[in-house]
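What follows is the residue order along each chain.
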Amino acid sequence: MKPTDVKNPSYFHKVVDCQWACPAHTNVPEYIRLIAQGKYTDAYLLNRDSNVFPGILGRTCDRPCEPACRRTRIDEKPVAICRLKRVAADLRDDVSGLLPAIPTKKNGKRVACIGAGPASLAVANDLAPLGYEVVIFERYAEPGGLMRTNVPTFRLPRKVLDEEIAMILDRGVDIRYGTPVMSLKGLLDGKPAFDAVFVGTGAPRGKELDLPGRHEAGDRIHIGIDWLAGVAFGHIDKIGERVLIIGVGNTAMDCCRTSRRLGGKDVKVMARRGRQFFKASPWELEDAEEEQIDILVNHVPKRFVVEGGKLKGMEFDRVEYVEGGNDGKGRQTAKKIDTIMLPADDVILAIGQENAFPWIERDSGIEFDKDGMPVVDAATMQSTRPGVYFGGDSAFGPKNIIWAVAHAHEAAISIHNHCSGVPVTQRPAQGMNLITQKMGLAEWSYSNDYNPAKRAKMKHVDLVERFSKLAIEVELGFDPEQTAREVERCLNCDVQTVFTDAKCIECDACIDVCPTTCLTIAPNGEEGDLRSRLTVVAGNMDQDLFVSGALPQTGRVMVKDEDVCVHCGLCAERCPTAAWDMQKFDLRLPHPGNGAAQSGTGTGNGTAR
């Protein structure tokens, strides 16, 4: 194998599993260390630089970082990364004077953002400091998109939502409420002209369930996202005592928990298949079941039961799935057990969302695929019409807020390139800093002791109290003691083991002391062969091996299995020649206007803003 290129930021970035897994690449270990030091404002600003909405995401994120957390290699439970983000947001000082300045003199370029959801807001956040005139067109009277209409207030308080949106809108962004865009061509042909258009309209249409009886009792059958929006804007304030929720994603969890607060006493979530196929996040399921929601598996909807024009309930086929069975279309074979009827006063359909673009003319230069989705370049977020970009759910279908933010950052770079006459394919490079953490012999500038504490459990408002009012936030956040324990669970995987082969004397001290047996000195070879000859076979092909250059004594190589290293630093403490060193890796994320996009000369090992 060739020696590992440690000058490439992607190598060390991939080792920081949580940051690698985050679509916006938030610097998780660093903000956790800042929280440990009581530097909540600094931690918040570090978060905001990449994910834009720390307070919102600290409550609502789907947490792709946590399954990737290296702590799961030790005690199965990841660090509570998302909830620590909330700690920084809740305890920060006023940051209004610390945000990037908005120039009073604009750069002469106008950008239209359609929809005031997280994607458009994040685009405005990136472009306004560069002097762009950003105009957001929003059909509702309030901003936030699905963050406002579909995330209940008991999960996301309006105060938190409004504060973080205001950090963007109150700094020179022109938002026009009650102004839906009815024609893309009309917008593009308008005067004064826009130099670029960003589409961040989300996936605003809930899927239907076309079964017998659907239209006879339509007023008692609700589309989940529309029903949640009605609750959010105060149009709906009650529901029947017996409620059936069809679907088992996160929207279904929001619907069933909201139903409990609006009068539902017997609330059931109906799932076609077993729990292993649920789309809802595990913690959302736990919260729903804590609130006495019944979740019934293997129930296939058959028809709505209507008598005298009034909804009485729903009929379901109870099934069991044949292990290994296949219907020829990739779906598991189901065997019917019986048919049952469950009574219901209301039924809420939460079986998915889809995009709707009736306002985009099909001769506008934007191509759509067979599913009615725009053809969008995943790297640049540009459509088939130059100057028109998509992001968030409107680009590739329903995902979550953090993906919308990630799309927005890439779209903002493309818009800046487009307006500057630079090809959108010319992307600014990521950069990195590596800084030694050595303070003295076997002494480091960070805490590298292993803390055996178990993951902190979030405290919740008492059941009786939380049902008394819709807007009571259920999760109370971590108290100081919980925070202090949880931050110490982080393994600081951004503090990298950096090896200098010329200093190695092959004494094996590092190998002897390594608690995870991730180090091996061996003759080089092809990757498959080398992986099989390590002290412990390196079976995870998704994580790279570190391979040094030839060692001066024997020509062998130092190999480290990055998958199992816990960054304890014992190798660097034990090494008598300082061949191993612990160095903090700082990924420098590209931003529009950082210079690399304009010159195209970024090498990947410099800095970016």
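In the block above lies the structure referred to throughout.
It should be emphasised that the depicted structure is a prediction, and the values quoted were computed from it without experimental measurement.

Caption draft 1: How the structure looks around the overall build of the chain. When helices and strands are tallied, the chain shows 23 helices and 23 strands. Relative to a compact globule of 609 residues, whose C-alpha radius of gyration would be 25 Å, the chain shows 27 Å and is just as compact. With the C-alpha coordinates aligned to their principal axes, the bounding extent of the chain is approximately 90 × 65 × 50 Å. Residue burial in the chain is summarised as follows: out of 609 residues, 55% are buried. If you take every contact in the chain between residues at least 6 apart in sequence, the share linking residues at least 24 apart comes to 71%. Accessible area of the chain: about 26100 Å², with a carbon and sulfur share of 51%. Computed over 76 positive and 83 negative side-chain charges, the inter-centroid distance for the chain is 2 Å.

Caption draft 2: Region of the structure containing the side chain of Arg 148. Mapped onto the elements of the fold, Arg 148 is located in helix H10 (residues 146-149). Arg 148 sits in the buried class, given a relative accessible area of 4%. Among the polar contacts listed, one links the side chain of Arg 148 to the side chain of Glu 142, at a separation of 3.3 Å.

Caption draft 3: Region of the structure containing the sheet that holds strand S23 (residues 580-588). Taking strand neighbours across the sheet as the criterion, the three strands line up as S16-S23-S19 in an open arrangement whose pairing is antiparallel. In this open sheet, the two strands that pair with only one neighbour each are strand S16 (431-436) and strand S19 (495-499). Going from strand to strand, the sheet's axes swing by 45° on average, the running direction of each strand aside. Where S16 meets S23, six bridges bridge the pair, whose relative direction is antiparallel. For Met 432, the partnering residue across the bridge sits in S23 and is Leu 587.

Caption draft 4: Inspection of the sheet that holds strand S22 (residues 557-561) at higher detail. Strand order across the open sheet formed by three strands is S20-S22-S21, with antiparallel pairing between neighbours. Every interior strand has two partners, whereas the edge strands, strand S20 (519-522) and strand S21 (545-547), have only one. Neighbour to neighbour, the strand axes of the sheet diverge by 20° on average, direction disregarded. In terms of strand pairing, S21 meets S22 through three bridges, oriented antiparallel. Along S22, the bridge assignment pairs Phe 546 with Lys 560.

Caption draft 5: Spatial organisation of the packing of helix H14 (residues 250-261) against helix H15 (residues 282-290). Packing of H14 against H15 leaves a shortest axis separation of 10 Å and a crossing angle of 20°. With respect to their mutual orientation, H14 and H15 come out roughly parallel. Regarding H14 and H15, the two cross each other, and that crossing is left-handed. Judged by residue contacts, Asn 250, Met 253, Cys 256 and Arg 257 of H14 engage Glu 284, Leu 285, Asp 287 and Ala 288 from H15. Class assignment for the residues of the contact of H14 with H15 results in four nonpolar, one polar and three charged.

Caption draft 6: Just the nonpolar core, in detail. The biggest cluster of nonpolar side chains holds 65 residues, and the ones touching the most others in it are Phe 53, Ile 136, Val 197, Phe 390 and Ile 415. Sort the elements by how many residues they give to this core and helix H17 (residues 401-420) lands first, with nine residues. Dropping the residues within four chain positions of it, Ile 415 is found in contact with Val 111, Val 123, Leu 127, Tyr 132, Ala 196, Phe 198 and Tyr 389. Core analysis: the next-biggest nonpolar cluster, separate from the first, contains 50 residues, Cys 18, Leu 84, Phe 478 and Cys 493 among them.

Caption draft 7: View of the packing of helix H3 (residues 28-36) against helix H4 (residues 40-51). Where H3 meets H4, the axes come as close as 8 Å, and the angle between the chain directions of the two elements is 165°. As summarised for this structure, H3 and H4 are arranged roughly antiparallel, according to the angle between their axes. Between H3 and H4 lies a crossing whose hand is left-handed. Residues Glu 30, Tyr 31, Leu 34 and Ile 35 of H3 lie in contact with H4, whose contacting residues are Tyr 40, Asp 42, Ala 43, Leu 46 and Asn 47. Among the residues making up the contact of H3 with H4, the classes are represented as six nonpolar, one polar and two charged.

Caption draft 8: Seen up close, the pattern of salt bridges. For the structure shown, the criterion picks out 51 salt bridges. Residues Asp 17 and Arg 70 are paired through a salt bridge, measuring 2.6 Å at the closest nitrogen-oxygen approach. Here Arg 70 lies in the loop between helix H6 (65-68) and helix H7 (72-75) and Asp 17 lies in helix H2 (residues 17-21), a separation of 53 residues in the sequence. We note that Asp 17, like Arg 70, is buried. The residue Glu 473 makes a salt bridge to Arg 59 at a minimum N-O spacing of 2.7 Å. Taken together, the residues Glu 473 in the loop between helix H18 (463-466) and helix H19 (480-487) and Arg 59 in helix H5 (residues 54-60) connect sequence positions 414 residues apart. The class of Glu 473 is buried, set by a relative accessible area of 17%.

Rules of the game
- Residues numbered from 1 in each chain as written.
- Predicted model: local features only at pLDDT ≥ 70, side-chain atom pairs only at ≥ 80, totals over all residues.
- Heavy atoms only, no water.
- Helix = DSSP H or I, 4+ residues; strand = E, 2+ residues; numbered from the N terminus.
- Rg over C-alpha atoms; globule rule 2.2 N^0.38 Å.
- Buried < 20%, exposed > 50% of the residue type's maximum accessible area, 1.4 Å probe, protein only.
- Contact = heavy atoms within 4.5 Å.
- Areas by Shrake-Rupley, 256 points an atom, 1.4 Å probe, with all protein chains shown as cover.
- Lys, Arg positive; Asp, Glu negative; His and termini not counted.
- Charge placed at Lys NZ, Arg CZ, Asp CG, Glu CD.
- Polar contact = N/O pair within 3.5 Å; in protein donor to acceptor, adjacent residues only side chain to side chain.
- Pairing = 2+ DSSP bridges.
- Axes fitted to C-alpha atoms, helices over the stretch in contact; angles between N-to-C directions.
- Parallel < 35°, antiparallel > 145°, perpendicular 65-115°, else oblique.
- Left-handed = near helix turned anticlockwise from the far one by under 90°.
- Nonpolar A, V, L, I, M, F, W, Y, C, P; charged D, E, K, R; others polar.
- Core = buried A, V, L, I, M, F, W, Y, C linked by side-chain atoms within 4.5 Å.
- Salt bridge = Lys/Arg side-chain N within 4 Å of Asp/Glu carboxyl O.

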